[in-house]
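# Survey of secondary and tertiary structure
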Amino acid sequence: MIKSFKQTFLSLDLQSPRWNTAETTAKDYELRQYETAKWVSTVIRGETQKEALRQGFWKLFHYIQGKNEKEMKIDMTVPVTCLVKRGCADFKVSFFVPFEHQDSPPQPTDSDVFIEERKAAAVFVRSFSGFASTEKYAEEAEVLARILRNRGQLFHEDFFYTAGYDSPFKLFNRHNEVWYFKK
């Protein structure tokens, strides 16, 4: 499968999960069909979303730097996702597992880190630029939810994902997303 221009542009040569655009609706959102893929994840409990993302990122970064059963360095991928459940103080932070490790990812040696398989799914995606705070992610998620409700789209309203594509050192042309899974 050839990556679309948008996929290539967003990932800046970092691997990302495969998807096809199922539907585009003006500038409001797009509907993507993601393929089944493995992700390395960790759940951070009882922290703010910002702190959970920071702690989760470093746990996963240690995994790709060799804190795994094969002591193997693994390339960074995008996006870094964070599962946000309404009314819950647990946040699941995840990195996509590169394609060369999808069949058999090295097992984590940190008991808080795990490999999960996300099944193929249709996902409503809203993109935005700038530095994304937890408040900005929540605001964009609410905008997307309102648009989807107004258009009669059915989606899982009890959770959403944040998706960040950029290093904190990138100052311009930043890309962020919020995702709701279609019912």
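This text gives an overview of the structure that appears in the document. As the structure is a computational prediction, the values presented were derived from the model and not from experiment.

Judged by nonpolar contacts, the single largest core of 31 residues is most densely connected at Val40, Phe124, Leu144, Leu148 and Tyr180. By residue number, the principal contributor to this core is helix α3 (residues 134–150), which donates seven residues. Trp39, Val78, Ala163 and Phe181 belong to the second-largest nonpolar core, a separate cluster that totals 16 residues.

A word on α3. With 17 residues, α3 should reach 24 Å at 1.5 Å per residue; the first-to-last C-alpha distance of 24 Å fits that figure. Along α3, the residues classified as buried are Tyr137, Glu140, Ala141, Val143, Leu144, Ala145, Ile147 and Leu148. Next to the buried residues of α3 lie β2 (29–34), α2 (49–64), β7 (121–128), β8 (159–164) and β9 (176–181). Positive backbone phi, at 75°, marks Gly152, one or two positions downstream of α3.

Another aspect to go through is the environment of Gly66. With respect to the helices, strands and loops of the structure, Gly66 is situated in the loop between α2 and β4 (80–85). For the pair Gly66 and Pro108, spaced 42 residues apart in sequence, the C-alpha separation works out to 9.0 Å. Those residues within four positions of Gly66 in sequence are excluded, and the remaining contacts are Glu71, Met72 and Lys73.

On the surface, a cluster of nonpolar side chains totalling about 380 Å² of accessible area is made up of Phe131, Leu171 and Phe172. Secondary-structure assignment places Leu171 in the loop between β8 and β9.

Now for the packing of aromatic side chains. One pass over the structure, following the stated rule, counts 16 aromatic pairs. Ring geometry for Tyr34 and Trp179: centres 5.1 Å apart, planes at 35°, overall tilted. Of this pair, Tyr34 sits in strand β2 while Trp179 sits in strand β9, placing them 145 residues apart in sequence. Considering the side-chain rings of Trp58 and Phe61, the 5.3 Å spacing of their centres and the 80° angle between planes classify their relative orientation as edge-to-face. Of this pair, Trp58 and Phe61 both sit in helix α2, three residues apart, which is roughly one turn of that helix. On the basis of relative accessible area, Trp58 is assigned to the partly exposed category, the value being 41%. An aromatic cluster of at least three residues, connected via ring pairs, comprises Trp19, Tyr34, Phe159, Tyr161, Trp179 and Phe181. When the ring centre of Phe99 is taken as origin, the NZ or CZ atom of Arg18, which lies over that ring, is 4.0 Å away.

Attention shifts here to the pattern of salt bridges. The tally for this structure, following the rule as stated, stands at 16 salt bridges. Where Glu30 meets Arg32, a salt bridge forms, and the shortest distance between an N and an O atom there is 2.9 Å. Neither residue differs from the other here; Glu30 and Arg32 are each classed as buried. Here Arg54 ties to Glu51 by a salt bridge, and the two come within 2.6 Å at their closest N and O atoms. Of this pair, Arg54 and Glu51 both sit in helix α2, three residues apart, roughly one helical turn. By relative accessible area, which is 44% here, Arg54 ends up partly exposed. One salt-bridge network, held together by shared partners, links Arg126, Lys136, Glu139 and Glu140.

Calculation criteria
Residues numbered from 1 in each chain as written. Predicted model: local features only at pLDDT ≥ 70, side-chain atom pairs only at ≥ 80, totals over all residues. Heavy atoms only, no water. Core = buried A, V, L, I, M, F, W, Y, C linked by side-chain atoms within 4.5 Å. Buried < 20%, exposed > 50% of the residue type's maximum accessible area, 1.4 Å probe, protein only. Helix = DSSP H or I, 4+ residues; strand = E, 2+ residues; numbered from the N terminus. Expected span 1.5 Å × (residues − 1). Contact = heavy atoms within 4.5 Å. Patch = residues over 30% accessible without salt bridge, like charges linked within 9 Å, V, L, I, M, F, W, Y side chains within 5 Å. Areas by Shrake-Rupley, 256 points an atom, 1.4 Å probe, with all protein chains shown as cover. Salt bridge = Lys/Arg side-chain N within 4 Å of Asp/Glu carboxyl O. Phe/Tyr/Trp six-rings, centres within 6.5 Å; stacked < 30°, edge-to-face > 60°. Lys NZ or Arg CZ within 6 Å of the ring centre and 35° of its normal.

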